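Structure assessment
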Amino acid sequence: MEALLKKELGTSKLKATGHAGGGCISEGQSYDTDSGRVFVKINHKSQARLMFDGEAASLEAILKTGTVKVPRPVKVIDLQTGGAVFVMEHVDMRSLNKYAAQLGDQLADLHLHNQRQKERQDKEQQTVGKGAGQSDTPAIEKFGFHTVTCCGYLPQVNDWQSDWVTFFSQQRLQHQVGLVEQSYGDREVGQLWAQLQLKIPQLFEEVQVFPALLHGDLWGGNVAECSDGPVIFDPASFYGHAEFELGIAGMFGGFGSSFYSSYHKKMPKAPGFEKRKQLYQLFHYLNHWNHFGSSYRGSSLRIMKDLIK
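Treat the numbers as computed from the prediction; the structure is a model and nothing was measured. (Residues numbered from 1 in each chain as written. Predicted model: local features only at pLDDT ≥ 70, side-chain atom pairs only at ≥ 80, totals over all residues. Heavy atoms only, no water.)

1. Focus on the packing of helix H5 (residues 187-199) against helix H9 (residues 297-308)
Across the interface, H5 lies against H9 with an axial gap of 9 Å and an inter-helix angle of 35°. As for the relative orientation of H5 and H9, their crossing is left-handed in sense. On H9, the residues that touch Glu188, Val189, Leu192, Trp193, Gln195, Leu196 and Lys199 of H5 are Arg297, Leu301, Met304, Lys305, Leu307 and Ile308. Broken down by class, the residue content of the contact of H5 with H9 amounts to 8 nonpolar, 1 polar and 4 charged. (Axes fitted to C-alpha atoms, helices over the stretch in contact; angles between N-to-C directions. Helix = DSSP H or I, 4+ residues; strand = E, 2+ residues; numbered from the N terminus. Left-handed = near helix turned anticlockwise from the far one by under 90°. Contact = heavy atoms within 4.5 Å. Nonpolar A, V, L, I, M, F, W, Y, C, P; charged D, E, K, R; others polar.)

Okay, structure coming up:
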């Protein structure tokens, strides 16, 4: 692999630094190269290329907003033995602590970025002699993403939709429920889903949803800080409802009260927020069930029953 990395990165120097990392999906290792230190993620699964291409596209999209720090993607490389590696900028990271409030503030800026683009565009259209969006890339007005992204190692259906409830119901929840039924033959989840999908539109009656660029998998293990501020990584991005981001953030801890108060200063809670948060957590419990097995069945069914009441 090291010879392949040298060739693909055009470097004569490739020295492992001892900075290793990894989660339940991929392994990681940092290397010093001719042009600086890089972090390399390695995955031997057949769908690794798809997964890493989606992650690289997600990092690029977040990077372009200039709102919150992410590692700069460098290159996705196929391994001759199967699988792929993803090379990105190395960032010296430690646990999120003193920059939690700043992360809340910057995450709100990320979520507001597309809406601000739209407002700027509309203003430009009203200015005589200047066309729409000449100064910036056009705002995204649908829900989805331009490529497949993976939450964990499962590909997400990111086909563009103009209606958020349709997108989330069909391309997120229904997709996950289908995978559970396929893998586990669980009849109860299908029965509950048949009832729940009729209730979902009611949860959005008092809220207007404008597409926001999301990290997509923002749990405590995917946030950190470096010397000059917070950093987020391992995204599974798409344009969706900003509230979706806070679903998994509330499931496994790692975010202090300063993060939330800072975030909600810019993004106040809309009516029905708590119920929708449960709905967004349901996606992650189903996704965990599909990744790690039926220990997540109870949590998934409990939320479904709760939301049907």
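2. Quick notes on the side chain of histidine 284
For histidine 284, the location among the structural elements is in helix H8 (residues 273-292). Look past the residues within four positions of histidine 284 in its chain and what remains in contact with it is Cys151, Gly216, Asp217, Phe244, Ile248 and Met251.

3. Looking at H8
With 20 residues, H8 should cover 28 Å at 1.5 Å per step; its first-to-last C-alpha distance of 28 Å lies within 8% of that length. With 16 of its 20 residues buried, H8 lies for the most part within the structure. Glycine 293 lies just past H8 and shows a positive phi near 105°. (Expected span 1.5 Å × (residues − 1). Buried < 20%, exposed > 50% of the residue type's maximum accessible area, 1.4 Å probe, protein only.)

4. Some thoughts on the pairing of strand E4 (residues 73-78)
Two strands pair when backbone bridges link them, and E4 and strand E5 (residues 84-89) are joined in this way by 5 bridges, in the antiparallel orientation. Bridge assignment links aspartate 78 to a residue of E5, and that residue is alanine 84. (Pairing = 2+ DSSP bridges.)

5. Quick word on the packing of helix H3 (residues 100-126) against helix H7 (residues 257-266)
Helix-helix packing is characterised by the crossing angle of the two axes and by the distance between the axes. The N-to-C vectors of H3 and H7 enclose an angle of 30°; their axes lie 7 Å apart at closest approach. Crossing geometry of H3 relative to H7 is assigned as right-handed. Taking contact as the criterion, the partners of Ala100, Ala101, Leu103, Gly104, Asp105, Leu107, Ala108, Asp109, His111 and Leu112 in H3 are, on H7, Ser258, Phe259, Ser262, Tyr263 and Lys266.

6. Remarks on the nonpolar core
Ranked by internal contacts, the top residues of the largest apolar core, which has 76 residues, are Leu173, Phe204 and Met304. When near neighbours in sequence (up to four residues on either side) are disregarded, methionine 304 contacts Val177, Val189, Leu192, Trp193, Leu196 and Leu282. Residues Leu14, Tyr31, Val40 and Ile42 belong to the second largest nonpolar core, which totals 11 residues. (Core = buried A, V, L, I, M, F, W, Y, C linked by side-chain atoms within 4.5 Å.)

7. Comments concerning the state of the cysteines
Here the structure, examined in full by the defined rule, presents 0 disulfides. Of all cysteine sulfurs in the structure, the one in cysteine 150 sits closest to cysteine 151, which takes part in no disulfide; the separation is 9.0 Å. Judged by its relative accessible area of 2%, cysteine 151 falls in the buried class. (Disulfide = S-S within 2.5 Å.)

8. Digging into the pairing of strand E3 (residues 36-43)
When a strand is regular, its side chains alternate between the sheet's two faces. The element E3 is extensively covered by neighbouring structure, given that 6 of its 8 residues are classed as buried. With 7 bridges connecting them, strand E2 (residues 27-33) and E3 associate as antiparallel partners. Bridging across to E3, threonine 33 finds its partner in glycine 36. Two successive antiparallel strands, E2 and E3, enclose a turn made up of 2 residues. As paired strands, E3 and E5 are joined by 6 bridges and run antiparallel to one another. In the strand pairing of E5, valine 40 is matched with valine 87.

9. A short note on the pattern of salt bridges
Scanning the model with the defined rule gives 17 salt bridges in all. With a shortest N-O distance of 2.8 Å, arginine 37 and aspartate 32 are connected by a salt bridge. Judged by relative accessible area, arginine 37 falls into the partly exposed class, the value being 33%. The salt bridge partner of aspartate 234 is lysine 41, with a shortest N-O separation of 2.8 Å. Of this pair, aspartate 234 sits in the loop between strand E10 (229-232) and strand E11 (238-240) while lysine 41 is found in strand E3, placing the two residues 193 residues apart along the sequence. According to the relative accessible area criterion, lysine 41 is buried, its value standing at 9%. (Salt bridge = Lys/Arg side-chain N within 4 Å of Asp/Glu carboxyl O.)

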